[in-house]
Amino acid sequence: MTATQNVLASLDLLEANRADCEIVTRVCQAVSRRAAYLCASGIAAVAHKIADNDRRSGKVEKGEECRITVGVDGTVYKKHPTFARMMNSMTEVLCVDSNIKVKFALSYDGSGKGAALVTAVADRLLKANA
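These remarks concern the structure in this document.

Rules of the game
Residues numbered from 1 in each chain as written. Predicted model: local features only at pLDDT ≥ 70, side-chain atom pairs only at ≥ 80, totals over all residues. Heavy atoms only, no water. Helix = DSSP H or I, 4+ residues; strand = E, 2+ residues; numbered from the N terminus. Rg over C-alpha atoms; globule rule 2.2 N^0.38 Å. Contact = heavy atoms within 4.5 Å. Areas by Shrake-Rupley, 256 points an atom, 1.4 Å probe, with all protein chains shown as cover. Core = buried A, V, L, I, M, F, W, Y, C linked by side-chain atoms within 4.5 Å. Buried < 20%, exposed > 50% of the residue type's maximum accessible area, 1.4 Å probe, protein only. Patch = residues over 30% accessible without salt bridge, like charges linked within 9 Å, V, L, I, M, F, W, Y side chains within 5 Å. Salt bridge = Lys/Arg side-chain N within 4 Å of Asp/Glu carboxyl O. Pairing = 2+ DSSP bridges. Polar contact = N/O pair within 3.5 Å; in protein donor to acceptor, adjacent residues only side chain to side chain. Phe/Tyr/Trp six-rings, centres within 6.5 Å; stacked < 30°, edge-to-face > 60°.

Things to note about the overall build of the protein
Next up, step 1: From N to C terminus, the protein includes five helices and two strands.
Next up, step 2: Counted from the first residue to the last, the protein has its helices and strands arranged as α-α-β-α-α-β-α.
Next up, step 3: Computed over C-alpha atoms, the radius of gyration of the protein comes to 19 Å, more than 25% over the 14 Å expected from 2.2 N^0.38 for 130 residues, which places it beyond the range of a compact globule.
Next up, step 4: Counting only contacts in the protein whose residues sit at least 6 apart along the sequence, the fraction spanning at least 24 positions is 68%.
Next up, step 5: Total accessible area on the protein is roughly 8,900 Å²; 57% of this is exposed by carbon and sulfur atoms.

Next up, the structure:
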């Protein structure tokens, strides 16, 4: 709780007690989980569309696992202690019944263009190794 108390103190909330800190911690956890799950649901929806298109076009055979690489960029994904794990696991839950495997490729250059480039390169490598 010391970290929470320090953050609250930096906001001039010096009277915060242990119960206050626990409430703040739980709210932060709930908000983080919700954000990760919302991201996962959007990624899963796009993954399902890609998989449907790939199966219809014959790129992926029916019954075969469809593998998709998603480029990820952003401070929350990189630095939040549980965000990436929660997003990854929920994406897996939302895709597993459809035989879709989503892999995340982290971009380190701080640019959305970099994330797109990482995704394109990773996708090309996956297809070359298939």
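After that view of the structure, there is still more to cover.
Re the nonpolar core
If you look at soluble globular proteins, the nonpolar side chains tend to sit buried side by side.
Next up, step 1: In this structure, Val70, Tyr77, Met87, Ile100, Val102 and Phe104 are the most contacted members of the largest nonpolar core, which totals 21 residues.
Next up, step 2: For this core, the secondary structure elements donating two or more residues are helix 2 (18-57), strand 1 (66-72), helix 4 (83-96) and strand 2 (100-106).
Next up, step 3: In this structure Val70 touches Ile43, Val102, Lys103, Phe104, Ala105 and Thr119, once residues within four positions along its chain are discounted.

With respect to unusual backbone geometry
Next up, step 1: For Asp12, which is not glycine, the phi dihedral falls at a positive 65°.
Next up, step 2: The exposure class assigned to Asp12 is exposed, which follows from its relative accessible area of 66%.
Next up, step 3: At Asn99, a position not held by glycine, the phi torsion is positive, near 60°.
Next up, step 4: As for its placement among the helices and strands, Asn99 is situated in the loop between helix 4 and strand 2.
Next up, step 5: Residue classification places Asn99 among the partly exposed residues on the basis of a relative accessible area of 28%.

Brief notes about a nonpolar patch on the surface
Next up, step 1: A contiguous nonpolar patch, built from Val7, Leu11 and Leu13 and spanning about 290 Å² of accessible area, is present on the exposed surface.
Next up, step 2: Looking at the secondary structure, you find Leu13 in the loop between helix 1 (2-10) and helix 2.

Comments concerning the pairing of strand 1
Next up, step 1: In terms of residue burial, strand 1 counts as a mostly covered element, since five of its seven residues are buried.
Next up, step 2: Looking at chain direction, strand 1 and strand 2 are connected through seven bridges and run parallel. The partner of Gly71 across the bridge, within strand 2, is Ala105.

A few points about the environment of Thr91
Next up, step 1: With respect to the secondary-structure elements, Thr91 resides in helix 4.
Next up, step 2: Owing to a relative accessible area of 1%, Thr91 belongs among the buried residues under this scheme.
Next up, step 3: Along the backbone, Thr91 and Ile43 are 48 residues apart, and their C-alpha atoms lie at a distance of 7.0 Å.
Next up, step 4: Among the polar contacts listed, one links the side chain of Thr91 to the backbone oxygen of Met87, at a separation of 2.7 Å.

What about the packing of aromatic side chains?
Next up, step 1: For the structure shown, the criterion picks out one aromatic pair.
Next up, step 2: Between Tyr77 and Phe104, the ring centres sit 6.2 Å apart and the planes meet at 40°, which makes this aromatic pair tilted. Here the residue Tyr77 occupies a position in helix 3 (residues 75-79), and Phe104 occupies one in strand 2, the gap between them amounting to 27 residues.
Next up, step 3: Take Phe104: its relative accessible area is 17%, and that puts it in the buried class.

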